[in-house]
Amino acid sequence: WDVIGYNNGREAVVSVIIGTELTAMFGADGSLTGSAGCNNYTGSYESDGDGNISVGPLATTRMMCSDPEGIMEQEQEYLAALQSAATYRMDGTTMEMRTAEGSIAATFQMAQQ
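Residues numbered from 1 in each chain as written. Predicted model: local features only at pLDDT ≥ 70, side-chain atom pairs only at ≥ 80, totals over all residues. Heavy atoms only, no water.

Chemist: Now, about the sheet that holds strand S1 (residues 2-7): what can you tell me, with residues and values included?
Modeler: Judged by pairing direction, the sheet is antiparallel, and its five strands sit side by side in the order S2-S1-S9-S8-S7 without closing on themselves. Edge positions in the open sheet fall to strand S2 (13-15) and strand S7 (87-91), since each of these has one partner strand only. Adjacent strand axes in the sheet meet at a mean angle of 20°, parallel and antiparallel pairs treated alike. Bridging between S1 and S2 involves three bridges; their strand directions are antiparallel. Residue glycine 5 lies in a different strand from S2, and its bridge partner there is serine 15. Helix H1 (residues 71-83) rests against S1, S2, strand S8 (94-98) and strand S9 (104-109) of the sheet, and its axis sits at about 85° to S1. (Pairing = 2+ DSSP bridges. Helix = DSSP H or I, 4+ residues; strand = E, 2+ residues; numbered from the N terminus. Axes fitted to C-alpha atoms, helices over the stretch in contact; angles between N-to-C directions. Contact = heavy atoms within 4.5 Å.)

In structure tokens:
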């Protein structure tokens, strides 16, 4: 999945910085991997198949990126948003994850293969 937008933790859903890519791969075995823009991440998730999900904890590689501006903040905010997800809903080629309070955590588009 490619991330379209995520909750930045300041009551706003923002788009991915141009020139960066945020991804999420949900394995059938409960593994979760992807790119957080600069670093790769790995962790786990649980889903009941009925729209409920829990994510984390997530671990990342330890690279530092300075370009484009804001990439490291985006990475921290996206990973926090992903771990705040409590529900998900898929609609065709899009997926929306929401927090327990109903706020959008992240929105995704199915990756082109």
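Chemist: How would you summarise the nonpolar core if you had to cite specific residues and measurements?
Modeler: Judged by nonpolar contacts, the single largest core of 23 residues is most densely connected at Leu32, Tyr41, Val55, Tyr78, Leu82, Met97 and Phe108. If you list the elements that add at least two residues to this core, you get S1, strand S5 (40-47), strand S6 (53-60), H1, S8 and S9. With four residues, H1 is the largest single contributor of residues to this core. Beyond its immediate chain neighbours, meaning those up to four positions away, leucine 32 contacts Ala24, Met25, Phe26, Tyr41, Thr42, Gly43, Ser44, Tyr45, Val55, Leu58 and Leu82. (Core = buried A, V, L, I, M, F, W, Y, C linked by side-chain atoms within 4.5 Å. Buried < 20%, exposed > 50% of the residue type's maximum accessible area, 1.4 Å probe, protein only.)

Chemist: Summarise H1; cite the residues concerned and give the values.
Modeler: The end-to-end C-alpha separation of H1 is 18 Å, in line with the 18 Å expected for 13 residues at 1.5 Å each. Here H1 has its buried residues at Ile71, Met72, Gln74, Glu75, Glu77, Tyr78, Leu79, Ala81 and Leu82. (Expected span 1.5 Å × (residues − 1).)

Chemist: Describe in detail the pairing of S8, supporting the description with residues and values.
Modeler: Here S7 runs beside S8; their pairing, made up of five bridges, is antiparallel. Residue pairing across strands places threonine 87 opposite arginine 98, the latter belonging to S8. Linking two consecutive strands that pair antiparallel, namely S7 and S8, is a turn of two residues; a positive phi of about 65° is found at glycine 92 within it. As judged from the five bridges shared by S8 and S9, these two strands associate in the antiparallel manner. Considered in S9, the bridge of methionine 97 is made with alanine 106. Counting the residues that bridge the hairpin from S8 to S9 gives five residues, and of these glycine 102 lies at a positive phi of roughly 95°.

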